[in-house]
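Listed below, chain by chain, are the residues.
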Amino acid sequence: MTDHHGNEPGLTRTTERPPVDAEQAREALAALRVEVSKAVVGQDAAVTGLVIALLCRGHVLLEGVPGVAKTLLIRTLAAALSLDSKRVQFTPDLMPGDVTGSLVYDQRTARFEFREGPVFTNLLLADEINRTPPKTQASLLEAMEERQVSVEGEPRRLPDPFVVAATQNPIEYEGTYPLPEAQLDRFLLKLTMPLPGREEEVAILQRHAAGFDPRDLAAAGVRPVAGPAELAAARAAVQRVGVAPEVLGYIVDVCRATRQSPSLQLGVSPRGATALLAASRAWAWLSGRDYVTPDDVKALARPVLRHRVQLRPEAELEGTTADGVLDGVLATVPVPR
Ligand SMILES: Nc1ncnc2c1ncn2[C@@H]1O[C@H](COP(=O)(O)OP(=O)(O)OP(=O)(O)O)[C@@H](O)[C@H]1O
Ligand SMILES: [Mg+2]
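Small disclaimer: the values here were computed from a predicted structure and weren't measured.

Draft legend 1. Seen up close, the site of ligand 1. Surrounding ligand 1, one finds 15 residues, the nearest of these being Pro66, Ala69, Lys70, Thr71 and Pro214. For the shell around ligand 1, the residue count by class is nine nonpolar, five polar and one charged.

Draft legend 2. Layout of the domain arrangement of the protein chain. If you check the domain split of the protein chain, you get domain 1 (18-217) and domain 2 (241-332). Domain 1 and domain 2 are separated by 24 Å when their C-alpha centres are compared. Mapped by element, the contributors of at least two residues to the side of domain 1 that touches domain 2 are helix 2 (44-56), helix 6 (181-184) and strand 9 (189-192). With five residues, the top contributor of residues to the side of domain 1 that touches domain 2 is helix 2. Grouping the amino acids of the side of domain 1 that touches domain 2 by side-chain chemistry returns eleven nonpolar, one polar and three charged.

Draft legend 3. How the structure looks around unusual backbone geometry. A cis amide bond links Asp160 with the next residue in sequence, Pro161, at an omega value of 0°. Relative to the helices and strands, Pro161 is located in the loop between strand 7 (154-157) and strand 8 (163-167). Look at Gln43: it is not a glycine, yet its phi comes out positive at around 60°. Secondary-structure assignment places Gln43 in the loop between helix 1 (22-37) and helix 2. Overall, Gln43 belongs to the buried group, with 24 C-beta atoms counted inside 10 Å. Of note in this structure, Arg147 is not a glycine but carries a positive phi near 60°. As for its placement among the helices and strands, Arg147 is situated in the loop between helix 5 (134-146) and strand 6 (148-151). On the neighbour-count criterion, Arg147 (15 C-beta atoms within 10 Å) is partly exposed.

Draft legend 4. Up close: the sheet that holds strand 9. Read from one edge to the other, the open sheet built from five strands follows the order 2-5-8-1-9, with strand pairing classed as parallel. Pairing within the sheet leaves two strands with one partner each, and these edge strands are strand 2 (85-89) and strand 9. The mean inter-strand angle of the sheet, taken between neighbouring strand axes irrespective of direction, is 20°. Strands in contact with helix 3 (residues 70-80) are strand 1 (60-63), strand 2, strand 5 (123-127) and strand 8; relative to strand 5, the strand with the most contacts, it is inclined by about 170°.

Draft legend 5. Representation of the environment of Ser269. Residue position: Ser269 is located in the loop between strand 10 (264-266) and helix 10 (270-286). Along the chain, Ser269 and Ala315 lie 46 residues apart, while their C-alpha atoms are 20 Å from each other.

Draft legend 6. A look at helix 11 (residues 294-305). Its twelve residues give helix 11 an end-to-end C-alpha distance of 15 Å, which sits within 8% of 16 Å, the value for a rise of 1.5 Å per residue. Among the residues of helix 11, those classed as buried are Pro294, Asp296, Val297, Leu300, Ala301, Pro303, Val304 and Leu305. Tucked into the core, helix 11 has its buried residues touching helix 2, strand 9, helix 9 (245-260), helix 10 and helix 13 (322-332).

About the thresholds
- Residues numbered from 1 in each chain as written.
- Chains lettered and ligands numbered in written order.
- Predicted model: local features only at pLDDT ≥ 70, side-chain atom pairs only at ≥ 80, totals over all residues.
- Near = placed C-beta within 6 Å.
- Nonpolar A, V, L, I, M, F, W, Y, C, P; charged D, E, K, R; others polar.
- Domains from an automatic or database assignment.
- Helix = DSSP H or I, 4+ residues; strand = E, 2+ residues; numbered from the N terminus.
- Buried ≥ 20, exposed ≤ 12 C-beta atoms within 10 Å, placed from the backbone.
- Pairing = 2+ DSSP bridges.
- Axes fitted to C-alpha atoms, helices over the stretch in contact; angles between N-to-C directions.
- Contact = placed C-beta atoms within 7 Å.
- Expected span 1.5 Å × (residues − 1).

Spelled out as C-alpha cells, the structure:
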C-alpha cells in the first residue's frame, strides 16, 4: 500500500513535505513578491536582492534613510518564507556575546549552558553595525563567514539559511566605527532603499488609513508561500545555470576595468568577480533562464560592485559616485555577442 505520494505508509513522516522541483520553486519565489507587496509598497529591487542573497548564501548591506521600511521588509520576507528573523541594534556597549550567545550558569543543573544569541536565526537584521566597536563587529563578520560561532572553543552551527542584512548609519555620525574596506567585500550585495515616489507614499498612507498595522503581518494577509524546501530546490537549480566562456570573460573584463578607472583608488577584487558571477546566475534563473547573459551581469553590477570600489578623494569632491563609475565601465567594456 502506498499513499498519494507513492510512499509506503511506514516511511512517511507527516512533518516532511514532498520534494519540490525547480519549476515549483521558481513559482513560489515569484509568488513571494506578491506576498511581500501586501505589506511593503515598492522596494522591488531590495526584495529581489534579498532573494538573490538567499539563493547565493550571501549577506547584504542595506542602505536607506530611517523610515523607508528596512525593518518591515525583512520581517515580511521572513514571514512569507516561513523563516525565523531577529533584529539586533548595534550600540557602543554591545559585547560579542550579545551577538553570538554565551555560557550562562544554570543553578538547577549546576552547569554552564549555552544561551543562543540573536545570530541563531535565518534572517538577521543587524541595525547600525558601524555604531559598535570592532570586536563586536568581528563576532558578527565571523559568524557570517564561518556560518558557525565558537564559544569557549566549541563550534556551534548556525541555522541554514542564514542571511545578514546590515544597515550602516551615515559616516558623519559622531563616534562611529565604519566597517573597513576589507570587510565590505564580505557582503554579496549592497542594496539601496530609496524614498518612495509620491504615488507610492500615498499608497502607504492609504494602507495606514485602512488600519494596516506593521506589527501584525498576518492581519495584512501575508502568508508563507515558500520555505526551506523551495529555497533548497532553487539553490540546486541555480547551480545548474550555465555560463559561456565569453560571459565569464565579460565579468572579468568589467572587474578589471574598475582597477584601471582614474576615479577609483581601489577596484574590484577577484572575490568581487566571483560574487558577480554567483549573483548573475541566481538572477538568470529567477528570470526563467538556465544560462547567463551579459544583461544579467549588467543588471547586477551596481549592487554587487558598488561597495567594493573606493573613490579617489578628488573624484568624490567632484560629486562622482560609485554607481556613476560603474555605469561608465559598463558603457565602455565590449559586450560579447
Ligand atoms: N515602502 C513602504 N511600504 C509600506 N510601509 C512603509 C513603507 N515605507 C515606510 N513605511 C511605513 O513606515 C514604517 C517605518 O518603517 P521601518 O521601521 O521598517 O523603517 P526602517 O527603514 O527600518 O527605519 P529605521 O532606519 O529607523 O530602523 C513602516 O512600519 C510602515 O508603516
Ligand atoms: Mg528599522
